[in-house]
Amino acid sequence: MWNRVSLTLKITGPLIIMEIMGLVFGGLTLVSKIEKARLKEIDTLLIGQADLIEESLKVTHGLPEKGAKNELFGELDRDPKVFFQIVDGTGTIIYTSKGPKATIQTQISQLIMERAQKPLAPEELFVMSFGGELWRSIKENIEYPDRTGSLLKWQVYTAVDQTASMSELYFIRKLIFGGAILLAIVTSLATAAIVLLTTSNLRLFAQSLAHINPDNPVWNFNVAAQSAEEGLLFTSFGKMMGEMETARQNQKLFIANASHELKTPVAGMMAALEVLLSRERAVADYQAICRDLLKTVKDMRRLTGVLLDTSLIEGGKIQQCLPIDLKTLIETVMDRWKPNAKAHNISLRWQFEKGQFTVMGSLELVDVAISNLLDNAIKYSYQGNEVELHLRRQTDGFIKLSIKDYGVGMNAAEQEKLGDIFFRADVSRSNKDSFGLGFANAKKILHSHGARLLVNSTPKSGTEISILWETRVPPPTADKTS
Amino acid sequence: MKVLLVEDNQLLGRSVKLGLEELGWIVDLASDGEEGLYLAQNSTYDIFLIDRMLPKLTGIEVIGKMREGGINGAAIIITALGTTSDKISGLEIADDYIVKPFEMGELVARMKAVYRRSIGKSNALIECGNLGINLNEQSVSVNGEKLDLTAKEFDLLESLATRQNHVCSRAELSGLLYSFNGEPESNSLDVLLGRLRKKLQGATVEIVTVRSKGFMLRVE
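In this report, we go over the structure that sits alongside the text. (Residues numbered from 1 in each chain as written. Chains lettered and ligands numbered in written order. Predicted model: local features only at pLDDT ≥ 70, side-chain atom pairs only at ≥ 80, totals over all residues. Heavy atoms only, no water.)

**Some words on helix H2 (residues 71-78) of chain A**
Residues separated by three or four positions in an α-helix point in the same direction, a consequence of the helix having 3.6 residues per turn.
All names here are of chain A.
(1) Moving on: Restricting attention to buried positions, one finds in H2 the residues Phe73, Gly74, Leu76 and Asp77. The arc enclosing the buried residues of H2, seen along the axis, measures out at 165°, which places them on a common side. Exposed residues lying more than 90 degrees from the buried face of H2 are Glu71 and Arg78.
(2) Moving on: Against helix H1 (7-56), strand S2 (63-64), strand S3 (82-87) and strand S4 (93-96) lie the buried residues of H2. (Buried < 20%, exposed > 50% of the residue type's maximum accessible area, 1.4 Å probe, protein only. Helix = DSSP H or I, 4+ residues; strand = E, 2+ residues; numbered from the N terminus. Arc of directions from axis to C-beta. Contact = heavy atoms within 4.5 Å.)

**Re the side chain of B:Asp32**
Residues and elements named next belong to chain B.
(1) Moving on: Summarising the element assignment, Asp32 is placed in the loop between strand S2 (26-30) and helix H2 (33-42).
(2) Moving on: A polar contact is formed between the side chain of Asp32 and the backbone nitrogen of Glu34, at a distance of 3.0 Å.
(3) Moving on: Apart from residues no more than four positions distant in its own chain, Asp32 is found in contact with Val6, Pro55 and Lys56. (Polar contact = N/O pair within 3.5 Å; in protein donor to acceptor, adjacent residues only side chain to side chain.)

**Considerations on the pattern of salt bridges**
(1) Moving on: Per the stated rule, a full pass over the model turns up 27 salt bridges over all chains.
(2) Moving on: A:Lys295 serves as the salt-bridge partner of A:Asp299, at 3.0 Å between the closest nitrogen and oxygen. With A:Asp299 and A:Lys295 both in helix H7 (residues 283-314), this residue pair falls 4 residues apart, about one helical turn.
(3) Moving on: For A:Asp299, a relative accessible area of 16% translates into the label buried.
(4) Moving on: Notably, a salt bridge pairs B:Asp95 with B:Arg67, separated by 3.4 Å at the nearest N-O pair. Here B:Asp95 is found in the loop between helix H4 (84-91) and strand S5 (96-99), whereas its partner B:Arg67 is found in helix H3 (residues 59-68), with 28 residues between them in sequence.
(5) Moving on: Looking at B:Asp95, the relative accessible area reads 36%, which means it is partly exposed.
(6) Moving on: In this structure, a network of salt bridges that share partners links the residues A:Arg38, A:Glu41 and A:Glu168. (Salt bridge = Lys/Arg side-chain N within 4 Å of Asp/Glu carboxyl O.)

**With respect to the sheet that holds strand S6 (residues 133-145) of chain A**
Residue and element names in this part refer to chain A.
(1) Moving on: Spatial ordering of the open sheet is given by S4-S3-S7-S6-S5, a layout of 5 strands whose pairing is antiparallel. Of all strands in the sheet, those with a lone pairing partner are S4 and strand S5 (125-130), marking the two edges. Strand-to-strand twist of the sheet, defined as the mean angle between neighbouring strand axes without regard to direction, takes the value 25°.
(2) Moving on: Two elements, S6 and strand S7 (residues 151-161), share 11 bridges in a ladder whose sense is antiparallel. Of the residues in S7, the one forming a bridge with Asn141 is Gln155.
(3) Moving on: Those strands touched by H1 are S3, S5, S6 and S7, and its axis lies near 40° from that of S6. (Pairing = 2+ DSSP bridges. Axes fitted to C-alpha atoms, helices over the stretch in contact; angles between N-to-C directions.)

Below is the structure:
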């Protein structure tokens, strides 16, 4: 499920959640701080009012004095924004201020009395809310000596109208939360837009891949990378496409060459037989054409074998990796090729250093590789010459097998193309026994075995092919020659 | 008809050459692109039969260089490459394209068709005055009566008849009548022309000599 979610959503989702969380936390903190400061201000005002009432209070005959005798108390008593109520020790209301409207007085008085039922700490602040009004109140206990000398224990409830201040506070709270939500929306949209923009090339890249035709894999993508990562991705993909195209062209070339090599002799045999049977001929004519046909069939059998070798090697896997005794293997290969060398009037000479020459790999494949190289050396030698094989261990520890002929050789351009499937050096093209696969197969086999191939060739002088195997076995001491 | 066959497979080249020669055609065989181009540039041919994948120069390159050099004879590519794209690329430069392996009958039929197209004929019959030349049967008649010609005389008449209103030089005619290595004796063309003129006496055509230029067939 998670794997199917788009990258844009995966990036923007957590970012937006984090942004909202940050804004909510920030908003709450800000609101809390503002509220605290505002309430503190309001409470300071309320306490000041309460203190003022307490100070202005003068008692005569157990009741507060008013009128001209106590002008300040009178002003507070008439202030519509201030309400106070004095309750004696028995809970009886001794005095209620006259400033606010009668309905408000009644409401506040009722709420104060309800509040008075609950135990309240001295100077405890509380809020009263009724009919759209917001009043904040405080209770104070006072002890007051009467003119008669007795000590009065009263409770003074002072309330101040804070409707405007509290409404302002609630408005600021709404404003902060509204602003936070708006900011969250704006930043979320901006985040989504940035992510969409930065992943747009990836979407174009993915769409371009969908249009690649497997039969003709051309990748048309002309979008400039907008980041280092995109650059790396596009360059790497382009490089991979290039390598795939090269492999495809090589495969195409291989098929074209294989078709040519297989279809041409079939066409030759068909044409020869049709011409042969088109009219009566002398026996010698039949024999001559039959000899040609037999040779062609043999060539085709050989080509089929080599193509099977090629497909086996193209598979690229060494099925069995076992120790190979190179001396025994080379002797076996030479025994097999001696009749062929003799038929070409070529003599095989060999020289082995003393000691063990063991490499790891597939005996069957290494046999094919050495056979192909020896076959080439015989094929491209001038008649009457020698082909020499040397097996020795170099001072750097490498085992070296060199196969040297004194034949047609190759120029630099031909050496460069050596190893391409179906490549035949032009001078040797007249040699109809060659398919141009032997060296290519040998090269592939030896490379898959970790061996290196060195070619040293001079036109009309000959070619020396050296195979180098890396080994940790110490060098031998004496030579064995034939 | 004279054919240049360029094919590197020895058996196929020799067999096709023999098959075509037994039809009475003159065939030169080259085994690589360079040799084929050399023959094309140094002799005269009615039709070119060229393998596509050749050593040294590919068949396409040979035809390209021939065309660049003004050699515009009919060319057929023979090849193992039989995909549509291969055929399209081949037909962009050649007149026909035959995929290996092929049957000799089909090859010959296509060569004749391409040759007819190259000389602007829709059928195998060339008529000059009261003379009728059947390219398929390789026969000639005057007023419907068959004329007895040797193979070389027929080739000479065909060469002149397919190039009416064109003066054929002595070298061009020799190139068309003899294989590259079969150099004729110095007066053999004159002897051949003399014999053919004699046999065409009842026809309303005559072989005229254009001084210092060559020969042409003229309808009287």
